[in-house]
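Breakdown of the fold
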Amino acid sequence: PVYLDHNATTAVAPEAVQEMIDVLERVWANPSSTHGPGQAARRLLADARNRVATFLGCQATELVFTSGATEANHIALLGALARGKAEGCTRLVLSAVEHPGLLALAARLRSEGTPVELIPVNASGQLNLEAARALLGPDVALLSVMGANNETGVLMPVRELAELARAQGVPFHVDATQLVGKSGLRFDASGADLWSLSAHKLHGPKGVGALLIRRGLSWPALQAGRQERNRRGGTENLPGIVGFAAAAERAARTLADDLAHLRALRDQLEASLKALHPAVQIHGDGVARLPNTVCLRFGTLDAEQVLNKLERAGVVASSGAACTASGTQPSHVLLAMGATALEAKASVRLSLGRHTQEREIAHTVAVVRRVIVPLLAAADVDVE
Ligand code: PMP
């Protein structure tokens, strides 16, 4: 099928597969072992760390390998509360449109007594910077805002937030999972103190990712153990880490071309879909977004019905975050943007990738014209 769900995950790059197989077959010793094979694994780990750091714009010592963004987000939030406690920094300030995994952790913390405040977004999904400023104060343990929203692709004002946070002495964490490989922003230039990401969103393997911790900032570990400079215990996932490095290197090499390619196809897709019917509404239309993401609704046609029709015609996509797609809850992101529950449940996300081809976009538009537009005519939708 035409795969338009790259924000959920991407295909593993052939370069990454090759390097991973090589590590699995040949470099399976424990990097903590002091014998020759162990030291060879250790060198490979250090090399992979340098390769990923070069791509992300951080120093090798600032990079902690994790099992992915979810774990990195947990270290960021739980670590912030642990280190803030002594100084009376107890509040968490997050955007209302964070990833469901991060918001679920925040909900658990709130039920246990942690004050959690959410920064609202406007109807286009843009963060309200004034509200962020008002919520920050010296008693905030962490400001956590994603770099780009996984459902709408809307970019968050990372540099401006970094300034606000710095002015108050508040650590600033960015869930950069969707940003990496789809934006030129790098850790060093972002002004953030912490970054979370997952390798599988940029053609690396699943189950591996990183937390970047700005040099000089001490951050409590969740998993005790001496690996990752005492910041994340447990034998390192060397095959995954090497696959991550190969994918990062490949992304660095083709980033400019990838961005231009995605943007051109995305613009073409949006323009063609909008031309099909006036009930096609794109969320975050006209605001700064990732170059690969189209979140839209066809009037109030139910997303599940739309996605079924599309899949039967050979196009796969998802509604909102893949992680919540199986649930029946309307997307918290679209609700935060002021959509009604009906509108939120009508929204689908088409996310493009490096290998998406022009003929696949043309096919998608043709499929929508054939199987979705007639439903719109039948439903006699309201057109604002
Ligand atoms: N944060 C964001 C913004 C994401 O899009 C995702 C993946 N859907 C995650 C965190 C979680 O990543 P993982 O499941 O690899 O831990």
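As the structure is a prediction and not an experimental result, all values here were calculated from the model.

Structural notes on the domain arrangement of the protein
By the assigned domains, the protein splits into domain 1 (2-8 + 255-379) and domain 2 (14-250). Across the contact, 23 residues belong to domain 1 and 23 residues belong to domain 2. Elements represented by at least two residues in the side of domain 1 that touches domain 2 include exactly strand E10 (293-298), helix H11 (322-325) and helix H12 (332-336).

Points about the pairing of strand E4 (residues 116-119)
Of the strand pairs in this sheet, strand E3 (residues 91-95) and E4 are connected by four bridges, and their pairing is parallel. If you follow Leu92 over to E4, its bridge partner there is Val116. Traced from E3 through helix H4 (residues 100-111) to E4, the parallel crossover comes out right-handed.

Description of the site of the ligand
Close to the ligand lie 15 residues, the nearest being Gly68, Thr70, His99, Asn150 and Ser198. Residue composition of the shell around the ligand, by class: four nonpolar, ten polar and one charged.

Topic: the sheet that holds strand E12 (residues 347-351)
Spatial ordering of the open sheet is given by E9-E10-E12, a layout of three strands whose pairing is antiparallel. Whereas interior strands pair on both sides, the edge strands pair on one side only; in this sheet they are strand E9 (280-282) and E12. Ignoring which end each strand starts from, the neighbouring axes of this sheet average 35° apart. For E10 and E12, the ladder comprises five bridges, and the chain directions are antiparallel. Bridged to Cys295 within E12 is Arg349. Against the sheet, helix H9 (residues 238-276) contacts E9, E10 and E12, and its axis sits at roughly 145° relative to E9.

Criteria and thresholds
- Residues numbered from 1 in each chain as written.
- Predicted model: local features only at pLDDT ≥ 70, side-chain atom pairs only at ≥ 80, totals over all residues.
- Domains from an automatic or database assignment.
- Contact = placed C-beta atoms within 7 Å.
- Helix = DSSP H or I, 4+ residues; strand = E, 2+ residues; numbered from the N terminus.
- Pairing = 2+ DSSP bridges.
- Right-handed = clockwise from strand over helix to strand, strands pointing away.
- Near = placed C-beta within 6 Å.
- Nonpolar A, V, L, I, M, F, W, Y, C, P; charged D, E, K, R; others polar.
- Axes fitted to C-alpha atoms, helices over the stretch in contact; angles between N-to-C directions.

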